[in-house]
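As a plain string of letters, each chain reads:
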Amino acid sequence: MSEYHAVMTRSLKSSYLLLALGIGAGLALLLGGFAYYEHRIDSADIARLTYATVEQKLEGDLEARGKAVVNVTGALLVSALVAHNSAAVASIAGRLLEEDDIERVEVTDARGVVLFSASNPQSEPTRNDAALRSSELDPLVVTNSIPPGIAPPAQRTGTLKIWVSRAQMQATLARLNEQLDLQQGSQIKRMRAMLMRVTLPVVVLVLLGAWFLWNRRAKPIWALIRSADRIGEGDYTRPFDVARRDELGELQHALERMRQKLSETTITKNYLDTVLNSLSDAVIVTSPDGIIKSCNEATQGLLGYTDADLVGKSLDSFIDEAHRGAFDLGGSAPEARETVLRTASGQTIPVSMASSSIASLDPQFEGNIYVARNITERKRAERRIRYLARYDTLTKMPNRMQFQHLLQQAIARSRRNQHSLALLYLDLDHFKDVNDTFGHSAGDRTLEILSERLTRVLSKETVIGRLAGDEFAMFVDDLPADLDNRPSLGALARTLLDEISRAFYVNEQEVYLTASVGIAICPYDAENTIDLIRNADAAMYHSKQNGGNTWAFYVPSMNAAAVERLMLKSKLRRALERDELVVLYQAKVDLRDGRVVGAEALLRWRLPGHGDISPSQFIPLAEESSLILDIGEWVLDRVCSDYKRWQKTVREPGRIAMNLSLRQLKQSGFLARCRSAFRKHGVSATSFELEVTETTLMTDPTRTIGLLNELYALGLHLAIDDFGTGYSSLSALQQFPIGTLKIDQSFVRDLAVDSNDAALVRTIIDMGKSLELEVIAEGVETCEQLEFLRKHGCFYAQGRLFGEPMAAEQLLDVLASQAAGGPYHAPLCATSPRHLKLHH
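Described below are features of the structure shown in this document. (Residues numbered from 1 in each chain as written. Predicted model: local features only at pLDDT ≥ 70, side-chain atom pairs only at ≥ 80, totals over all residues. Heavy atoms only, no water.)

Some remarks on the side chain of Thr740
Structurally, Thr740 can be placed in strand S23 (residues 740–743). Given a relative accessible area of 2%, Thr740 falls into the buried group. In this structure, Thr740 is in contact with Arg655, Glu689, Leu718, Ala719, Ile720, Glu774 and Ile776, ignoring residues within four places of it in sequence. (Helix = DSSP H or I, 4+ residues; strand = E, 2+ residues; numbered from the N terminus. Buried < 20%, exposed > 50% of the residue type's maximum accessible area, 1.4 Å probe, protein only. Contact = heavy atoms within 4.5 Å.)

Pasting the structure below:
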């Protein structure tokens, strides 16, 4: 548009200046021509008049001289004529020929007889040449009758006739004519100079007038063009300055009315561009067939292309070829889908992309709009968390969770191939002495050396895992099922023990360690992962009880725990009837001020003769039958009852969390049971939070998300319990209506001394904040853990640092005390780390 303005400006300016130049030049030529014509005429008239006057004067002088010469010579010839003396006549007349301007002399007597006739030889050539050039050089002929000296004048004695040359007169006239021409030429030059001095100011004045008129005419036109351009670009904010009263003023009024109407009815394109360009996410608008129509600056920055490179191309062409087939351009998907884009530099970028159709009656506006978010950092964090959750960062071996996963796959593979699998469970004997003597760093270095030795001794096909602090496990698969593999397995165990018994050099000291190994074979000793590990563990403890540095194969008599388990299962059926289950509450504390903001309901089984039995022991038994449903309903009813009782003393007891099992979630009437319990006790669903493990979430995500959405709609808060120990994908977790992440206590326990656990906890906290989730740390037992969490932005925690799980009455006392006197744990959370140790 600026080029058009420049062309228009040059056109108007050129037109006005050319017009002014033409008018000025025309006037100058007209005036100058007229003056020049008049001057030429006057000069010519003056020259002719001067020439004629001089010519007449010279002619008269020439004639007077001729007459004088004739009279004088005639008087001299009288006596010669009377005496008829021809010689005297010739002598007298001949003397006349000595004059330069006398061309010829002729003397006749009274009878007309020529007595003398001669020409001036010097003037003859001049005469002849002059005769050829012009008739104006004809000589002047002067004739005079000569009277006798003694006779009366009336009697003529002869005639004297002379021819006087006009050459000198003509030469004089020629010089005069040249002088007149020169004078006329100089006058013409002066006239021209004068005309130039007069004409140039006239032309300048005309040009200045044209410039003034052009400026006066062009400025409002420029203003109109700029205003029209702004309207064309969607800027309706600047009104027109209407100051003219001519046709341009009417045009200004018309454009101003148009601007006002457009500003009232139209969202400007600039505004939309500003909004879209302010987004950090890439926004792409396409036609129905996927051709890009427009995009924001974030898209250009993400892909590394300019707007011209993107518009007109298919969105599909910017998706990485490996992911192109899985991406549906035609579908409308408001929920985020993951794909990979390829940039101009060839780099691949994972994105989370949501799309929506653009519905319009006008086909030119139909299409789709895509919003893509760069999830590179999230993917990197996800991989990091997945790695930290599945692999031991010290030894780089699979941890217990990953090892169980790999073992389960190997068992299934062996079952399909009809092979056997042997699991070796290894535990170092008296490893605690190394930590107590040399410190944890020395113990960590010892474990690193041990992992290197195990890797070197065992084959590459053998999978090794670190299950706990000094507990390792490894399995050997593809063993022949029809052979007794115990001798070879015993030899392998002996090799491991010999390798471990070699000296370890720790802090320049030799340290000797031994280990105990337990061996269980699938399918003879167990057919599943849990039982196989349990049986191998039982065999390992049997070896340890026999003094260590040995190995043992599992036999059923070793597993007395199985009998105990069966006993618990049978007694659990009567636990509800006998009122043996109790609910304790572990306070949830705000680390910023020490205020108790809620609690987690913990189920305990007080079995007479056995004391409190942990849920980890009896909940799996309950989940194997329908008892878990009855227990879950009892816990919900008891927590609601306690909450209603607390509200009579404390108006806001805080949010109470309860654990939700997979069996409960799958229960068809679970939602109705929750509503019924809340109505029964007159409590709000917003006062409670359900904790779900990652495994529960990912068992059937499609169905689970629907159930959780219903619970969320009811008002319940939802949390992920033991986060970091499961196999969930962060992108999948975003689909669930989760509001809280609970960091598993296994990560919190050693974060003050284990840099890997500390890194994992920091990553989970940062991830929770980026997803706008509340993060709670479980199992906080030391002040160092508290300070670490608070330093890195985790402001909620629960654990023994704030007291043991308590009964409902004790929690009510805490809440009442807090309501009356301020945050219950304020001194603990406000004290420096050094003082915290003393306080603890």
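Regarding the packing of aromatic side chains
Counted according to the given criterion, the structure contains 8 aromatic pairs. Put simply, the rings of Tyr585, Tyr643, Trp646, Phe678 and Phe688 touch in pairs and so form one group of aromatic residues. Above the ring of Trp163, the side-chain terminus of Arg104 is found at 4.5 Å from the ring centroid. Directly above the ring of Phe504 sits Arg453, whose terminal nitrogen or CZ lies 4.0 Å from the centroid. (Phe/Tyr/Trp six-rings, centres within 6.5 Å; stacked < 30°, edge-to-face > 60°. Lys NZ or Arg CZ within 6 Å of the ring centre and 35° of its normal.)

A few points about the packing of helix H18 (residues 627–647) against helix H27 (residues 808–821)
As a packed pair, H18 and H27 sit with axes 11 Å apart at the nearest point and diverge in direction by 35°. With respect to the hand of their crossing, H18 and H27 are arranged in right-handed fashion. Note on element contacts: H27 touches H18 through Ala808, Glu809, Leu811 and Leu812, opposite Asp642, Arg645 and Trp646. Counted by class, the contact of H18 with H27 contains 4 nonpolar, no polar and 3 charged residues. (Axes fitted to C-alpha atoms, helices over the stretch in contact; angles between N-to-C directions. Left-handed = near helix turned anticlockwise from the far one by under 90°. Nonpolar A, V, L, I, M, F, W, Y, C, P; charged D, E, K, R; others polar.)

Here's the deal with the nonpolar core
Tyr585, Phe688, Leu711, Leu789 and Phe802 are the most contacted members of the largest nonpolar core, which totals 91 residues. Per-element accounting of this core gives the leading share, 11 residues, to H18. Non-local contacts of Leu711, meaning those with residues more than four positions away in its chain, are made with Leu660, Leu665, Phe670, Leu671, Leu690, Leu716 and Leu718. Within the second largest apolar cluster, 32 residues are counted, among which are Val434, Leu450, Leu496 and Val511. (Core = buried A, V, L, I, M, F, W, Y, C linked by side-chain atoms within 4.5 Å.)

Observations concerning the sheet that holds strand S10 (residues 420–429)
Spatial strand order, S11-S12-S10-S15-S16: 5 strands in an open sheet with mixed pairing. With one partner strand each, in any of the chains shown, strand S11 (463–466) and strand S16 (550–553) form the two edges of the open sheet. For this sheet the average axis-to-axis angle between neighbouring strands, irrespective of direction, equals 20°. Of the strand pairs in this sheet, S11 and strand S12 (residues 471–479) are connected by 4 bridges, and their pairing is antiparallel. Bridge pairing in S12 places Ile464 opposite Met474. Across the sheet, helix H14 (residues 486–501) is in contact with S10, S12, strand S15 (514–522) and S16; its angle to S15 comes to roughly 155°. (Pairing = 2+ DSSP bridges.)

Examining the sheet that holds strand S9 (residues 367–374)
Pairing is antiparallel across the open sheet formed by 5 strands, whose spatial order is S6-S5-S9-S8-S7. Each edge of the open sheet is held by one strand with a lone partner, namely strand S6 (292–295) and strand S7 (337–342). Taking each pair of neighbouring strands and ignoring which way they run, the sheet shows an average axis angle of 35°. Pairing geometry for strand S5 (residues 282–286) and S6, over 3 bridges, is antiparallel. Following the sheet pairing, Val285 is matched in S6 by Ser294. Most of the contacts of helix H10 (residues 376–390) go to strand S8 (residues 348–358), to which it runs at about 125°, and overall it touches S7, S8 and S9.

Thoughts on the environment of Ile628
In this structure, Ile628 sits in helix H18. Taking the C-alpha atoms as reference points, Ile628 and Ser661, 33 residues apart in sequence, are found 8.0 Å from one another. Each residue touching Ile628, except ones within four places of it in the same chain, is listed here: Ile619, Ala622, Glu623, Ser661, Arg663 and Gln664.

Comments concerning the pairing of strand S17 (residues 581–590)
With respect to burial, S17 is a largely interior element, 9 of its 10 residues being buried. In the sheet, S17 pairs with strand S18 (residues 595–607) via 10 bridges, with the strands oriented antiparallel. Across the sheet, the residue bridging to Asp590 is Arg595, located in S18. Once S17 ends, the chain turns through 4 residues before running back antiparallel as S18, passing Gly594 with a positive phi of about 85°.

Structural notes on unusual backbone geometry
A cis amide bond links Cys522 to the next residue, Pro523, at an omega of 15°. We note that Lys396 has phi near 60°; this positive angle belongs to a residue other than glycine. Note that Lys396 resides in the loop between H10 and helix H11 (400–417). In this structure, His430 takes a positive phi of about 55° despite not being glycine. Mapped onto the fold, His430 is located in the loop between S10 and helix H12 (432–438).

Quick notes on the pairing of S15
Within S15, 8 of the 9 residues are buried, leaving the element largely enclosed by the surrounding structure. When S10 meets S15, the two strands line up antiparallel, connected through 9 bridges. By the bridge assignment for S15, Leu424 is matched with Ile519. The pairing of S15 with S16 spans 4 bridges and is parallel. Bridge pairing links Ser516 to Thr550 in S16. One crossover worth recording links S15 to the parallel S16 by way of helix H15 (residues 529–545), and it is left-handed. (Right-handed = clockwise from strand over helix to strand, strands pointing away.)

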